[in-house]
Amino acid sequence: MNPHPPSPRTAAPIDDERLMRLLDGELESEDAAALRRRLEEDSDARARFASLEAVREIVRRNTDVDRSLDGLSDSIMAAIEADDRRRSLRERLVPTGASKGASNDNARSIFAIASLAAAAAAALFVWSHAQPGELERAGAPLPADARLAAEMPADLGSPEALAPAAAPTSDEATVEVASVDFGAQQGSVFYVPGDGAATAVVWINDSGEAP
Amino acid sequence: MKAWRLGLAVAMMGIGSSAFAQEGTAPTGRAQGAGKSAVAEAAAEILVAHANNSGKGIDAKLSRYKELKSPPFSSFNSYALVQETTWQLKQGKAASLKLPGGGELSVTLDGVEEKGPKPARFLLKATMKKAGGEESALQVKAKPGATFFVAGQRHDDGILVLGIRVR
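Predicted model only: the values in this text are computed from it and were never measured.

Trainee: Go over the overall build of chain A, please, and point to the residues and values.
Mentor: Counting its secondary structure elements, chain A contains seven helices and four strands. Written out in order from the N terminus, the α and β elements of chain A read α-α-α-α-α-α-β-α-β-β-β. Burial analysis of chain A (211 residues in total) assigns 48% to the buried set. Contacts in chain A between residues at least 24 apart in sequence constitute 56% of all its contacts with a sequence separation of at least 6. On chain A, roughly 10,800 Å² of surface is accessible, and the fraction owed to carbon and sulfur atoms is 54%.

Put into structure tokens, the structure is as follows:
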């Protein structure tokens with residue numbers, strides 16, 4: 001019997017939700033410190049953390065997301081939950097032009113953010129479970145949204161240094177990743193500052209588990 | 001919930017696990033457009049490094065790779081050079097080397113892409129295979145002298161970082 005059972009705060013797996021909450025400063029200080037210590041030991045989690053950080057910054061830079069928009073997101077989530085509770089009374093509610101307009105505006109905002117997040121994720125090439133033989137079909141150029149990879153922040157770890165690197169376009173890139181197949185694993189593709197132009201990096205999120 | 005997370009969650013719901021494949025809309029690697037001409041050979045410089053957090057710093061032989069000081073490479077505080085080798089690639093023939101831990105790296109020169117007055121780019125295919133058989137493969141277009149990295153495969157207490165440069 002283990003005389004020192006793991007603390008509940010450190011035993012939880014490092015899922016993306018926890019990493020995002022760490023990014024947004026929503027974890028308690030003890031949880032955040034424990035998670036950062038685990039990140040030092042877990043290269044897979046570190047790579048995912050870096051990817052999420054990059055996605056966040058791409059979205060923020062391109063939508064000028066500020067606190068008011070974050071508040072909008074919270075309002076939308078609260079509204080969704082409230083709507084679920086009022087589901088049985090829906091027939092009594094007559095949507096007004098104003099509420100329709102507001103809900104449309106909210107939907108458009110979230111759609112815009114979702115589209116940009118999708119493009120950012122595409123740019124980071126979060127691949128998983130590619131089908132056998134897909135490499136042959138995927139010899140094609142990347143989706144157009146993948147060009148965002150060329151505009152990624154130079155330093156993934158520092159919001160203050162998020163000036164675009166020497167952003168390579170398809171024609172100017174010293175190395176263009178035309179296609180990638182991670183097989184049963186997951187991975188990312190991005191560019192980091194190097195000697196001159198940005199350098200392409202293909203990062204495999206190796207879980208270390210036996211197939 | 002922050003707006004970027006809500007947006008990402010919505011995006012991920014729509015993306016699925018294979019949403020980036022574009023079947024039937026783009027040429028395969030074998031059917032690329034006009035302008036591709038064969039190149040008999042190219043020299044490939046292969047670098048194998050081991051990254052961990054042992055606190056030993058970056059090997060002096062790796063000091064020219066400034067990328068190692070940037071995220072996510074900077075997540076590791078130590079880089080040790082494991083192996084450097086040079087291949088003379090012949091189009092269509094894979095060159096391979098064994099990696100620490102029993103894996104294997106293979107690189108194939110598929111050809112050269114020429115676009116008028118712009119410098120030609122080498123068409124390369126690289127495959128990383130783990131000891132257990134899991135495999136990752138990529139195709140790149142690289143200008144002569146350009147370097148790209150493939151990293152993240154676990155080894156001992158860290159990961160392997162492979163640098164590939166073709167000229």
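Trainee: Explain the confidence of the model for chain A residue by residue, including any values.
Mentor: Residue and element names in this part refer to chain A. Chain-level statistics for chain A give a pLDDT mean of 63 and a share of 36% at 70 or above. Element-level pLDDT for chain A is lowest in helix 7 (residues 134–137), with a mean of 38, against a maximum mean of 93 in strand 2 (residues 175–181). Within the model, pLDDT remains below 50 along residues 2–10, and this stretch shows seven contacts once partners closer than five positions in the same chain are excluded.

Trainee: Lay out the nonpolar core in plain terms, naming residues and giving numbers.
Mentor: Within soluble globular proteins, side chains that are nonpolar generally end up buried alongside one another. Counting 37 residues, the largest nonpolar core has B:Ile46, B:Trp87, B:Leu105, B:Val107, B:Leu124 and B:Phe148 as its most contacted members. Residues within four places of B:Phe148 in sequence aside, it is in contact with A:Val175, A:Thr199, A:Ala200, B:Leu124, B:Leu138, B:Val140, B:Leu162, B:Gly163 and B:Ile164. One finds A:Ala47, B:Leu68, B:Tyr79 and B:Phe149 within the second-largest nonpolar core, a separate group that totals 18 residues.

Trainee: Before we move on, can you summarise the packing of helix 2 (residues 16–23) of chain A against helix 3 (residues 29–41) of chain A with the specific residues and values?
Mentor: All names here are of chain A. With their axes 11 Å apart at the nearest point, helix 2 and helix 3 run at an angle of 115° to one another. Every pair of crossing elements has a handedness; the one defined by helix 2 and helix 3 is left-handed. Facing helix 2, whose interface residues are Arg-18, Leu-19 and Leu-22, helix 3 presents Ala-32, Leu-35, Arg-36, Arg-38 and Leu-39. Counted by class, the contact of helix 2 with helix 3 contains five nonpolar, no polar and three charged residues.

Trainee: So what's going on with the packing of aromatic side chains? Which residues, and what values?
Mentor: To describe a pair of aromatic rings, one takes the distance between the centres and the angle between the planes. In the structure shown here, the tally under the stated rule is four aromatic pairs over all chains. The ring of B:Phe76 is capped by A:Arg46, whose NZ or CZ atom sits 4.2 Å from the centre of that ring.

Trainee: A description of the side chain of B:Ser78 should follow, citing residues and the corresponding values.
Mentor: Residues and elements named next belong to chain B. By the element assignment, Ser-78 lies in strand 4 (residues 78–90). Classification of Ser-78 as buried rests on a relative accessible area of 2%. Polar side-chain contacts of Ser-78 include one of 2.7 Å to the backbone nitrogen of Lys-56. Only 2.8 Å separates the side chain of Ser-78 from the side chain of Asn-77, close enough to count as a polar contact. Discounting chain neighbours no more than four positions away, the residues touching Ser-78 are His-50, Ala-51, Asn-52, Asn-53, Ser-54, Gly-55, Lys-56 and Gly-57.

Trainee: Kindly report on helix 3 of chain A, identifying the contributing residues and their values.
Mentor: Residue and element names in this part refer to chain A. The terminal C-alpha atoms of helix 3, which comprises 13 residues, lie 19 Å apart, in line with the 18 Å expected from a rise of 1.5 Å per residue. Those residues of helix 3 that fall on the buried side of the exposure criterion are Asp-31, Ala-32, Ala-34, Leu-35 and Leu-39. The buried side chains of helix 3 occupy one side of the element, clustering within an arc of 165° when seen end-on. Facing away from the buried side of helix 3 by over 90 degrees, the exposed positions are Ser-29, Glu-30, Glu-40 and Glu-41.

Trainee: Break down unusual backbone geometry for me, citing the residues and quoting the values.
Mentor: Residue and element names in this part refer to chain B. That bond from Pro-71 to Pro-72 is cis: its omega, -5°, falls within 30 degrees of zero. Here Pro-72 is to be found in the loop between strand 3 (57–58) and strand 4. Phi angles above zero are rare outside glycine, and Asp-156 is one such case at about 50°. With respect to the helices and strands, Asp-156 occurs in the loop between strand 9 (147–155) and strand 10 (158–166). For Asp-156, a relative accessible area of 67% gives the class exposed.

Trainee: Give me the environment of B:Leu99: which residues, what numbers.
Mentor: Note that B:Leu99 resides in the loop between strand 5 (94–98) and strand 6 (104–115). In this structure, B:Leu99 is in contact with B:Val48, B:Glu104, B:Leu105, B:Met128, B:Gln153, B:Leu160 and B:Leu162, ignoring residues within four places of it in sequence.

Trainee: Just give me the short version of the pattern of salt bridges, but keep the residues and values in it.
Mentor: This model, assessed by the stated rule, comprises 13 salt bridges over all chains. Between B:Lys130 and A:Asp206 there is a salt bridge, with its nearest N and O atoms 2.6 Å apart. Placement of B:Lys130 in the loop between strand 7 (118–129) and strand 8 (135–142) and of A:Asp206 in the segment after strand 4 (199–205) is noted, with the two residues assigned to different chains. The burial state of B:Lys130 is the same as that of A:Asp206; both residues are buried. Measuring nitrogen to oxygen at the nearest pair gives 3.4 Å for the salt bridge that ties B:Glu84 to B:Arg64. Of this pair, B:Glu84 sits in strand 4 while B:Arg64 is found in the loop between strand 3 and strand 4, placing the two residues 20 residues apart along the sequence. Using a relative accessible area of 43% as the deciding quantity, one classes B:Glu84 as partly exposed. The exposure class of B:Arg64 is partly exposed, given its relative accessible area of 46%. Within the structure, one salt-bridge network assembled from shared partners comprises A:Glu176, B:Glu113, B:Arg121 and B:Lys141.

Trainee: I'd like a description of the pairing of strand 5 of chain B, backed by residues and values.
Mentor: Residue and element names in this part refer to chain B. Only one face of strand 5 is covered, namely the one carrying Ala-95 and Leu-97; the face carrying Ala-94, Ser-96 and Lys-98 has none of its residues buried. Pairing geometry for strand 5 and strand 6, over five bridges, is antiparallel. From the neighbouring strand, Leu-97 faces strand 6, where its bridge partner is Leu-105. The antiparallel pairing of strand 5 with strand 6 creates a hairpin that spans five residues between the two strands, and Gly-101 there sits at a positive phi of about 95°.

How each quantity is defined
- Residues numbered from 1 in each chain as written.
- Chains lettered and ligands numbered in written order.
- Predicted model: local features only at pLDDT ≥ 70, side-chain atom pairs only at ≥ 80, totals over all residues.
- Heavy atoms only, no water.
- Helix = DSSP H or I, 4+ residues; strand = E, 2+ residues; numbered from the N terminus.
- Buried < 20%, exposed > 50% of the residue type's maximum accessible area, 1.4 Å probe, protein only.
- Contact = heavy atoms within 4.5 Å.
- Areas by Shrake-Rupley, 256 points an atom, 1.4 Å probe, with all protein chains shown as cover.
- pLDDT = per-residue confidence, 0-100.
- Core = buried A, V, L, I, M, F, W, Y, C linked by side-chain atoms within 4.5 Å.
- Axes fitted to C-alpha atoms, helices over the stretch in contact; angles between N-to-C directions.
- Left-handed = near helix turned anticlockwise from the far one by under 90°.
- Nonpolar A, V, L, I, M, F, W, Y, C, P; charged D, E, K, R; others polar.
- Phe/Tyr/Trp six-rings, centres within 6.5 Å; stacked < 30°, edge-to-face > 60°.
- Lys NZ or Arg CZ within 6 Å of the ring centre and 35° of its normal.
- Polar contact = N/O pair within 3.5 Å; in protein donor to acceptor, adjacent residues only side chain to side chain.
- Expected span 1.5 Å × (residues − 1).
- Arc of directions from axis to C-beta.
- Salt bridge = Lys/Arg side-chain N within 4 Å of Asp/Glu carboxyl O.
- Pairing = 2+ DSSP bridges.

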